[in-house]
Amino acid sequence: MARYTYRCRDHGAHDVSAPIGTANDAEPCPVCRTPSSRMITSPMLSLANYGVTTAMDHAEKSADQPEVVRSLPPGATPRHTPVTKRAAINPAWAGLPRP
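None of the values given here were measured: they were computed from a predicted structure.

Regarding its fold elements, the chain presents 2 helices and 4 strands. Counting the 99 residues in the chain, one finds 14% classified as buried. A fraction of 19% describes how many contacts in the chain between residues 6 or more apart in sequence connect residues 24 or more apart. Surface summary for the chain: the accessible area is close to 8600 Å², and the carbon and sulfur share equals 57%.

Reported here for the largest pocket is a volume of approximately 290 Å³. Around the largest pocket sit 13 residues that line it, and Arg-3, Tyr-4, Thr-41, Ser-42 and Pro-43 are the ones nearest its centre. Ranked by the residues each element gives to the lining of the largest pocket, the list is headed by strand 1 (residues 2-8), at 4 residues. For the lining of the largest pocket, a count of residues per class yields 7 nonpolar, 4 polar and 2 charged.

Okay, the nonpolar core next. Formed by Ala-2, Tyr-4, Tyr-6, Ala-18 and Ala-23, the largest nonpolar core amounts to 5 residues. With 3 residues, the single largest contributor to this core is strand 1.

The next point concerns the environment of Ser-36. With respect to the secondary-structure elements, Ser-36 resides in strand 4 (residues 35-38). Between the alpha carbons of Ser-36 and Thr-5 there is a distance of 9.4 Å; along the sequence they are 31 residues apart.

Read across the open sheet, the 4 strands follow the order 2-1-4-3; overall the sheet is antiparallel. Only two strands of the sheet have a single partner each, and these edge strands are strand 2 (12-18) and strand 3 (26-28). Here the strands of the sheet are splayed against their neighbours by 40 degrees on average, with no regard to which way each runs. Alignment of strand 1 against strand 4, held across 2 bridges, turns out to be antiparallel. Within the sheet, the bridge partner assigned to Arg-7 lies in strand 4 and is Ser-37.

Rules and cut-offs
- Residues numbered from 1 in each chain as written.
- Predicted model: local features only at pLDDT ≥ 70, side-chain atom pairs only at ≥ 80, totals over all residues.
- Heavy atoms only, no water.
- Helix = DSSP H or I, 4+ residues; strand = E, 2+ residues; numbered from the N terminus.
- Buried < 20%, exposed > 50% of the residue type's maximum accessible area, 1.4 Å probe, protein only.
- Contact = heavy atoms within 4.5 Å.
- Areas by Shrake-Rupley, 256 points an atom, 1.4 Å probe, with all protein chains shown as cover.
- 1 Å grid on protein atoms, 1.4 Å probe; cavity = no way out; pocket = protein on both sides within 12 Å on 5 of 7 lines; lining within 4 Å.
- Points joined across faces, edges and corners; volume = space filled by probe spheres on them.
- Nonpolar A, V, L, I, M, F, W, Y, C, P; charged D, E, K, R; others polar.
- Core = buried A, V, L, I, M, F, W, Y, C linked by side-chain atoms within 4.5 Å.
- Pairing = 2+ DSSP bridges.
- Axes fitted to C-alpha atoms, helices over the stretch in contact; angles between N-to-C directions.

And the structure:
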């Protein structure tokens, strides 16, 4: 069931519960029974899982403003193969500068 909000000109907003997609354009006011027009409201996002909504927000933000990583996170160790071992795998790497 979804909750739809309607507004009466005299008595303000009131909610009506109905199956999704079955809301009427107008509902009678519970006080004066005059037709009330349906309001467009935001969905109840506060009921969603925090981790899921955070991941969706991060994905949406990174679509046009990607984060630039300039260093490893704290506690991470670089995973690289020393040049001497690389040279054993491929002789062309023997001429590379050593760190």
